[in-house]
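Topology and contacts: notes
As a plain string of letters, each chain reads:
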Amino acid sequence: MNKVEDYLKQFVIQFSGLKIGHHEYVFEIGPLFFERFKIEDVNTGEIHVDFSLIKRENMLELEFEFDGFLSSTCDRCLDPLNIPISFENDLRVKFGDEHNEENDELLVLAHEEYKIDIAPLLYEFLSLHVPLRKVHNESDCNEDVISRLHIDTEVEKDDESPSVWDKLKNLK
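These lines cover the structure that appears in this document, whether it is placed above or below. (Residues numbered from 1 in each chain as written. Predicted model: local features only at pLDDT ≥ 70, side-chain atom pairs only at ≥ 80, totals over all residues. Heavy atoms only, no water.)

Another aspect to go through is the side chain of Ser71. Considering the arrangement of structural elements, one finds Ser71 in strand S4 (residues 59-73). Leaving out residues up to four positions away in the same chain, Ser71 has contacts with Asp41, Val42, Asn43, Thr44, Gly45, Leu81 and Asn82. (Helix = DSSP H or I, 4+ residues; strand = E, 2+ residues; numbered from the N terminus. Contact = heavy atoms within 4.5 Å.)

Moving on to the environment of His48. Residue placement: His48 occurs in strand S3 (residues 44-55). Expressed as a C-alpha distance, the spacing of His48 and Asp67, which sit 19 residues apart in the sequence, is 5.2 Å. Beyond its immediate sequence surroundings of up to four residues, His48 is in contact with Val26, Phe27, Glu28, Glu65, Phe66 and Asp67. Here Asp50 takes part through its side chain, which lies 2.9 Å from a polar atom of the side chain of His48. (Polar contact = N/O pair within 3.5 Å; in protein donor to acceptor, adjacent residues only side chain to side chain.)

On the surface, Glu24, Glu28, Glu46, Asp50, Glu65, Asp67, Glu88, Asp90, Asp104, Glu105 and Glu124 cluster together into a negatively charged patch. Counting only elements with at least two residues in the negative patch, the list comes to strand S2 (21-29), S3, S4 and strand S5 (80-96). With respect to the secondary-structure elements, Glu28 resides in strand S2. What makes Glu28 partly exposed here is its relative accessible area of 46%. (Patch = residues over 30% accessible without salt bridge, like charges linked within 9 Å, V, L, I, M, F, W, Y side chains within 5 Å. Areas by Shrake-Rupley, 256 points an atom, 1.4 Å probe, with all protein chains shown as cover. Salt bridge = Lys/Arg side-chain N within 4 Å of Asp/Glu carboxyl O. Lys, Arg positive; Asp, Glu negative; His and termini not counted. Charge placed at Lys NZ, Arg CZ, Asp CG, Glu CD. Buried < 20%, exposed > 50% of the residue type's maximum accessible area, 1.4 Å probe, protein only.)

What follows deals with the pattern of salt bridges. Tallying each qualifying case throughout the model produces 3 salt bridges. One salt bridge connects Asp6 with Lys9, and the closest N-O pair in it is separated by 3.9 Å. For Asp6, a relative accessible area of 40% puts it in the partly exposed group. Residue Glu61 pairs with Arg56 through a salt bridge whose shortest N-O separation is 2.6 Å. Residue classification places Glu61 among the buried positions, given a relative accessible area of 12%.

Enumeration over the complete set of coordinates arrives at 15 aromatic pairs. Sitting over the face of the ring of Phe37, Arg36 holds its NZ or CZ atom 4.7 Å from the ring centroid. (Phe/Tyr/Trp six-rings, centres within 6.5 Å; stacked < 30°, edge-to-face > 60°. Lys NZ or Arg CZ within 6 Å of the ring centre and 35° of its normal.)

Note that an α-helix has 3.6 residues per turn; residues three or four places apart therefore point the same way. Every buried residue belonging to helix H3 (residues 119-128) is among Ala119, Leu121, Leu122, Phe125 and Leu126, and all of these are buried. Around the axis of H3, the buried residues are gathered within 160° of arc, so they sit on the same side. Considering only its buried residues, H3 is in contact with S2, helix H2 (31-36), S3, S4, S5 and strand S7 (115-117). (Arc of directions from axis to C-beta.)

Take a look at the structure:
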């Protein structure tokens with residue numbers, strides 16, 4: 001077994017042997033997690049997860065608290081960028097005839113299930129919290145790249161050649 005598989009074992013929670021009540025876990029998500037679960041435009045990250053499992057007679061309640069950062073690349077200057085992440089998610093788990101993940105707030109596990117792998121859930125929650133636009137504050141961007149971008153836009157403005165769009169503007 002390799003390092004990544006060993007690391008991911010911690011995210012498999014065997015709930016069948018747990019007493020009814022509140023159970024708390026702490027996870028540190030790091031580079032090994034991101035080797036297995038690739039998130040678009042995210043290189044790696046360091047995220048602290050407080051996880052609570054509340055076992056009831058006929059269901060489970062899962063509560064996740066995320067705090068840390070994801071490492072990406074700035075869309076404006078292409079320098080490394082750390083994106084702060086801090087949010088909470090809750091999920092209810094019921095038992096039914098077959099496994100079902102069609103609802104965002106309710107997961108149905110088959111009656112014979114005795115454990116749950118929360119790693120795919122962590123991946124899904126993190127993926128949904130990556131911003132569409134990933135940029136530094138303008139003052140933190142690479143000044144050399146920003147100055148080149150400004151020069152390129154000025155050259156485009158100085159170009160007096162007629163645009164295809166100019167012809168369309170005359171159609172009324």
